Amino acid sequence: AKYASSDLVRFGLIDETNEGTLETSAAVPVILTRGISPDYTFNILTDDTVSGAGEVVDAQTNLRGLTLGTPARLRFGDCMPLISAACRDVFATAVSVVGTSDINMLTAGTHRDGSTGAQITVGDTSSFDALINYGGVTSSTHPDGGAESLVARISGFAQSANNWHRRIKSAWKDGTTSYLDLVDGWVGGAAGFFGEPVTGETLQSATISVGRAVRNRITGSGVVSKTGLWQFTDMVNNGKFGGGFGLVANDLSINWSGKEGVEIEVGWVGYGTQKLAATDPTGQGFTDTNLYSDMLIAADRLHHFAIITGSKPIVLSNFNLNGFQFTLAGNTSTVDDVSGSSRATGVIRGSHVPSGNIDYYLADDPRSEELAALGDESSAEKGEISFMFRDRAGNEIPVGILWNEFGQTGPVPGQGGGNPVGGTLNFSGQRLTKTSRSFVYQEIAA
């Protein structure tokens, strides 16, 4: 006998033309994972009619289905199909705005909502249109612009304080000027740190990049089902191909611990399975022409991690952060109890619920007290959680959990032997605005 090796499994997903129907129109794009975990769901109904013999009279399998887990290491570009499927939307086209000696940084501009704060302007009504209309939206459907709540990588200003990453509060224009309002907490830090205050400056050749982004949606063009295909490449004649159809992404998880690699995982629920076979059931095989390499992101590639309150950031990267767990629950379930079929007959897409926890060590620093105060009754302050990874090639992955309620927290002494005292801060996310949603994932190329 020749046995399959778990190291030699090729896996891919492709959008289905008709939900719940195996897709056979094109080759299946390969997706890099750390090993898939299909679960073949079933139910066996027994007939326990009394016959006088003390045994079950009959049995029948009346339900056949599939759930699937796809754990993967976070990599620039490679994880986009998993992220977009779980967010039920598609990535917008990457955008960068390049100024030609005409961009200004204001410390106290008038924001679209009437408040005063840091703001980038240009004296025309077209230079920021790519950000205002980002993702194909209009000002009537998205008054704060399509780039609302995206992180912008800013460069090209003469003053170094202005060349940081900032989150956009609003992208808009009036009859004479285009504006980018910046979130207050992203300019409320200390000099040289994340969130450094901006400096007034005019007529600069600045570049503003937001890359490609996806937000969580209830409906959208990304609400699709997938055909999944896997191949045991070391099998020559038998048992080479497995798969499933009608797969709909459920929960999205992002987590890491210490300096370990960043893990993402998407759980899928499906209509049914393809039986193990010697031949490819799609008849199309795989395509893997767009894979990146040498971009495994470990936690030491963390560029920043901060909790941003309404006025300032609490920066944890390179300080005392030692673990993070986040789940965007999709509340997806199959309809598998309809009479007349042993297959699932539909998949329900439920609400998105972000939640998670932050693990930290207690250190002799004001931020230790600020962390505990977030969930205290006297403060009960809400805030954004933002983190960004930069791989060795300079590509960036900013992630924002845009508005959160924090649970009661405090450090818990560990065991003896000089172990550090640690704590866990729990959070539960909510929608920041109707258009910004609660979760946004970006990729900004080097």
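Residues numbered from 1 in each chain as written. Predicted model: local features only at pLDDT ≥ 70, side-chain atom pairs only at ≥ 80, totals over all residues. Heavy atoms only, no water.

The next thing to look at is the overall build of the chain. Each helix and strand in the chain was counted, giving 3 helices and 30 strands. In terms of overall size, the chain behaves like a compact globule, its C-alpha atoms giving a radius of gyration of 25 Å where 446 residues would be expected to give roughly 22 Å. Principal-axis analysis of the C-alpha atoms gives the chain an extent of 90 × 55 × 40 Å. Put simply, the chain has 446 residues, and 48% of those count as buried. Long-range pairs, those at least 24 residues apart, make up 72% of the contacts in the chain between residues at least 6 apart in sequence. Element-wise, carbon and sulfur atoms account for 48% of the exposed surface of the chain, whose accessible area totals about 19,600 Å². (Helix = DSSP H or I, 4+ residues; strand = E, 2+ residues; numbered from the N terminus. Rg over C-alpha atoms; globule rule 2.2 N^0.38 Å. Buried < 20%, exposed > 50% of the residue type's maximum accessible area, 1.4 Å probe, protein only. Contact = heavy atoms within 4.5 Å. Areas by Shrake-Rupley, 256 points an atom, 1.4 Å probe, with all protein chains shown as cover.)

This part takes up the environment of methionine 80. As for its placement among the helices and strands, methionine 80 is situated in helix H1 (residues 80-87). On the basis of relative accessibility, which here comes to 15%, the residue methionine 80 falls in the buried class. With 241 residues separating them along the chain, methionine 80 and leucine 321 place their C-alpha atoms 26 Å apart. Those residues within four positions of methionine 80 in sequence are excluded, and the remaining contacts are Phe91, Arg212 and Glu443.

Moving on: the pattern of salt bridges. Taken as a whole and judged by the stated rule, the model has 16 salt bridges. Linking glutamate 19 and arginine 349 is a salt bridge whose minimum nitrogen-to-oxygen distance equals 3.1 Å. With glutamate 19 in the loop between strand S1 (9-15) and strand S2 (28-29) and arginine 349 in the loop between strand S24 (346-348) and strand S25 (353-361), this residue pair connects regions lying 330 residues apart in the sequence. Residue class for arginine 349 comes out partly exposed when judged on its relative accessible area of 21%. Note that lysine 169 is salt-bridged to aspartate 113, the shortest N-O span being 2.9 Å. Residue lysine 169 is found in strand S11 (residues 165-173), and its partner aspartate 113 is found in the loop between strand S8 (103-110) and strand S9 (116-122); the two are separated by 56 residues along the sequence. Residue classification places aspartate 113 among the exposed positions, given a relative accessible area of 51%. Put simply, Arg34, Arg73 and Glu263 are held in one network by salt bridges that share partners. (Salt bridge = Lys/Arg side-chain N within 4 Å of Asp/Glu carboxyl O.)

Counting buried residues along H1, 7 of its 8 residues qualify, which places the element largely inside the surrounding structure. What H1 keeps buried is the set Met80, Leu82, Ile83, Ser84, Ala85, Ala86 and Cys87. Two residues or fewer after H1 comes arginine 88, characterised by a positive phi angle close to 60°.

This part is about helix H3 (residues 366-374). Among the residues of H3, Ser368, Leu371 and Leu374 are the ones counted as buried. Axial view of H3: buried residues confined to an arc of 125°, hence all on one face. Turned more than 90 degrees away from the buried face of H3 sit Pro366 and Glu369, all of them exposed. Each element contacted by the buried residues of H3 is listed here: strand S20 (302-308), strand S21 (313-315), S25, strand S27 (396-406) and strand S29 (422-429). (Arc of directions from axis to C-beta.)

Turning to the packing of aromatic side chains, a few remarks are in order. Under the criterion given, the structure shown has 14 aromatic pairs. Both rings, one in phenylalanine 305 and one in phenylalanine 324, keep their centres 5.2 Å apart while their planes meet at 70°; by these two values the pair is edge-to-face. In this pair, phenylalanine 305 is assigned in strand S20 and phenylalanine 324 in strand S22 (residues 321-329), connecting sequence segments 19 residues apart. In terms of burial, phenylalanine 305 and phenylalanine 324 fall into one category: buried. With centroids separated by 6.1 Å and ring planes inclined at 10°, the aromatic side chains of phenylalanine 324 and phenylalanine 427 adopt a geometry described as stacked. Placement of phenylalanine 324 in strand S22 and of phenylalanine 427 in strand S29 is noted, with a sequence separation of 103 residues between them. (Phe/Tyr/Trp six-rings, centres within 6.5 Å; stacked < 30°, edge-to-face > 60°.)

Note that leucine 45 resides in strand S4 (residues 42-47). Among the residues examined, leucine 45 registers a relative accessible area of 52% and is labelled exposed. In this structure the C-alpha to C-alpha distance between leucine 45 and aspartate 391, which are 346 residues apart in sequence, comes to 52 Å. In this structure, leucine 45 is in contact with Asp58, Ala59, Gln60 and Asn62, ignoring residues within four places of it in sequence.

Okay, the side chain of asparagine 216 next. With respect to the element layout, asparagine 216 can be found in the loop between strand S14 (207-215) and strand S15 (226-232). With relative accessibility at 2%, the residue asparagine 216 sits in the buried group. Of note is the side chain of asparagine 216, whose polar atom sits 3.1 Å from the side chain of serine 438. Contact partners of asparagine 216, with chain neighbours within four places excluded, come to Cys87, Leu328, His352, Arg437, Ser438 and Phe439. (Polar contact = N/O pair within 3.5 Å; in protein donor to acceptor, adjacent residues only side chain to side chain.)

What follows is about the side chain of threonine 332. Here threonine 332 is to be found in the loop between S22 and strand S23 (333-335). Taking the relative accessible area as the measure of exposure, threonine 332 reaches 8% and is therefore buried. A polar side-chain atom of threonine 332 sits 3.3 Å from a polar atom in the side chain of arginine 88. If we ignore the near neighbours within four places in the chain, the residues touching threonine 332 are Arg88, Val248, Ala249, Asn250, Val269, Val347, Ile348, Arg349 and Gly350.

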